[in-house]
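Commentary on secondary and tertiary structure
The lines below spell out each chain.
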Amino acid sequence: MVSIISIFFGFVLLMLAEWRYVRFSQKNQGKNKPEHHVPPLPGHTALQVPGYVLIVLGMCSALLHSEQNMKLPEYMRTVCLVLALTGGGFLVWTVFLEIPLGAKKSKVPRGHAYARGSYGKCRHPGFWCFLLFSISLAMWANNSLVLISFFIANVLNLLLILLQDQYTFPIQFVDYREYAEKVPFLVPHFRKQHR
């Protein structure tokens, strides 16, 4: 139960950071003005970091305090562990490394959406990485409560990215609306990427 509460409040802090960003930009630019790139908001990271920490602590707590109560064969648990490690690696890549490294390499101007790599396939590839990571990890734990907790985390993650996609990112990136017209929200397309 503590793990679910921790995960829930972690995502609440992340959503609060996004809401605060939107409110700050509206206050500074006026509600009827065109959307423009807004500089980093002071204190934005101060809400995000504890949010991420609570989510990680909640997930770790769920794993550490669980006993196996599902009847998954050992070879399936091994497959799930490999999938979880793969998903975790891709999660770190897509969320923390791909955009800064790719934008620098492709010379994407500051305040513009990065539309290459996995972000050229769908706007939120990190969703799929987190889903693969968390659900595979829950299956490896072989515990139904961990599976429920991590499923809830994925629902909350979906709500967070809906908030970002509709409100925050169009403010952060001047060309986000055009990017959103070319690149699907979640279901990746595998056509040649737009340049």
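Residues numbered from 1 in each chain as written. Predicted model: local features only at pLDDT ≥ 70, side-chain atom pairs only at ≥ 80, totals over all residues. Heavy atoms only, no water.

1. Things to note about helix H2 (residues 44–64)
- With 21 residues, H2 extends 30 Å between its outermost C-alpha atoms, agreeing within 8% with the 30 Å of an ideal straight helix rising 1.5 Å per residue.
- All of the buried residues along H2 are His44, Leu47, Gln48, Gly51, Ile55, Gly58, Met59, Ser61 and Ala62. One face of H2 carries all of its buried residues, which in axial projection span an arc of 165°. Opposite the buried face of H2, at more than 90 degrees from it, the exposed residues are Thr45, Ala46, Leu57 and Leu64. (Helix = DSSP H or I, 4+ residues; strand = E, 2+ residues; numbered from the N terminus. Expected span 1.5 Å × (residues − 1). Buried < 20%, exposed > 50% of the residue type's maximum accessible area, 1.4 Å probe, protein only. Arc of directions from axis to C-beta.)

2. Focus on the side chain of Asn142
- Relative to the elements of secondary structure, Asn142 occurs in the loop between helix H4 (125–141) and helix H5 (144–172).
- Residue classification places Asn142 among the buried positions, given a relative accessible area of 2%.
- Separated by 3.3 Å, the side chain of Asn142 and the backbone nitrogen of Leu72 make a polar contact.
- Apart from the residues lying within four places of it in its own chain, the contact partners of Asn142 are Glu67, Gln68, Asn69, Met70, Lys71, Leu72 and Arg77. (Polar contact = N/O pair within 3.5 Å; in protein donor to acceptor, adjacent residues only side chain to side chain. Contact = heavy atoms within 4.5 Å.)

3. Examining the nonpolar core
- By size, the foremost hydrophobic cluster in this structure holds 18 residues, and its most contacted members are Ile7, Phe11, Met59, Phe130, Val146 and Phe150.
- Those elements that provide at least two residues to this core are helix H1 (2–29), H2, helix H3 (74–106), H4 and H5.
- If sequence neighbours within four positions are ignored, Phe11 has contacts with Ile55, Phe130, Ala153, Leu156, Asn157 and Leu160.
- Residues Ala103, Tyr114, Tyr119 and Phe169 belong to the second largest nonpolar core, which totals eight residues. (Core = buried A, V, L, I, M, F, W, Y, C linked by side-chain atoms within 4.5 Å.)

4. Notes on a nonpolar patch on the surface
- A surface patch of nonpolar side chains, about 530 Å² in accessible area, is lined by Val92, Trp93, Val95, Phe96, Leu97 and Leu101.
- In this fold, Phe96 is placed in helix H3. (Patch = residues over 30% accessible without salt bridge, like charges linked within 9 Å, V, L, I, M, F, W, Y side chains within 5 Å. Areas by Shrake-Rupley, 256 points an atom, 1.4 Å probe, with all protein chains shown as cover. Salt bridge = Lys/Arg side-chain N within 4 Å of Asp/Glu carboxyl O.)

5. Some thoughts on the packing of aromatic side chains
- One pass over the structure, following the stated rule, counts nine aromatic pairs.
- Taken together, a centroid distance of 5.3 Å and an interplanar angle of 80° make the contact between Phe8 and Phe9 edge-to-face.
- A relative accessible area of 45% places Phe9 in the partly exposed class.
- Of the aromatic side chains, those joined through ring pairs into one cluster are Phe169, Phe173, Tyr176 and Tyr179. (Phe/Tyr/Trp six-rings, centres within 6.5 Å; stacked < 30°, edge-to-face > 60°.)

6. A short note on the packing of H4 against H5
- Put simply, H4 and H5 touch, their axes get as near as 8 Å, and they point 170° apart. Relative to H5, the element H4 lies roughly antiparallel. For the pair H4 and H5, contact is made by Phe127, Phe130, Leu131, Ser134, Ile135, Leu137, Ala138, Met139 and Ala141 and by Val146, Leu147, Phe150, Phe151, Ala153, Asn154, Asn157, Leu158 and Ile161, respectively. (Axes fitted to C-alpha atoms, helices over the stretch in contact; angles between N-to-C directions. Parallel < 35°, antiparallel > 145°, perpendicular 65-115°, else oblique.)

7. Describing the side chain of Asn154
- With respect to the secondary-structure elements, Asn154 resides in helix H5.
- Apart from residues lying up to four places away in sequence, Asn154 is in contact with Phe127, Phe130, Leu131, Ser134 and Ile135.

8. Regarding the pattern of salt bridges
- Tallied over the entire structure, the rule returns two salt bridges.
- Note that Arg77 is salt-bridged to Glu74, the shortest N-O span being 3.2 Å. Placement of the pair is Arg77 and Glu74 together in helix H3, with a separation of three residues, close to one helical turn.
- Residue classification places Arg77 among the buried positions, given a relative accessible area of 9%.
- Judged by relative accessible area, which is 52%, Glu74 ranks as exposed.
- Taking the shortest distance from any N to any O, the salt bridge between Asp165 and Arg123 comes out at 2.9 Å. Pair noted here: Asp165 is in helix H5 and Arg123 is in the loop between H3 and H4, with a separation of 42 residues, a long-range link.

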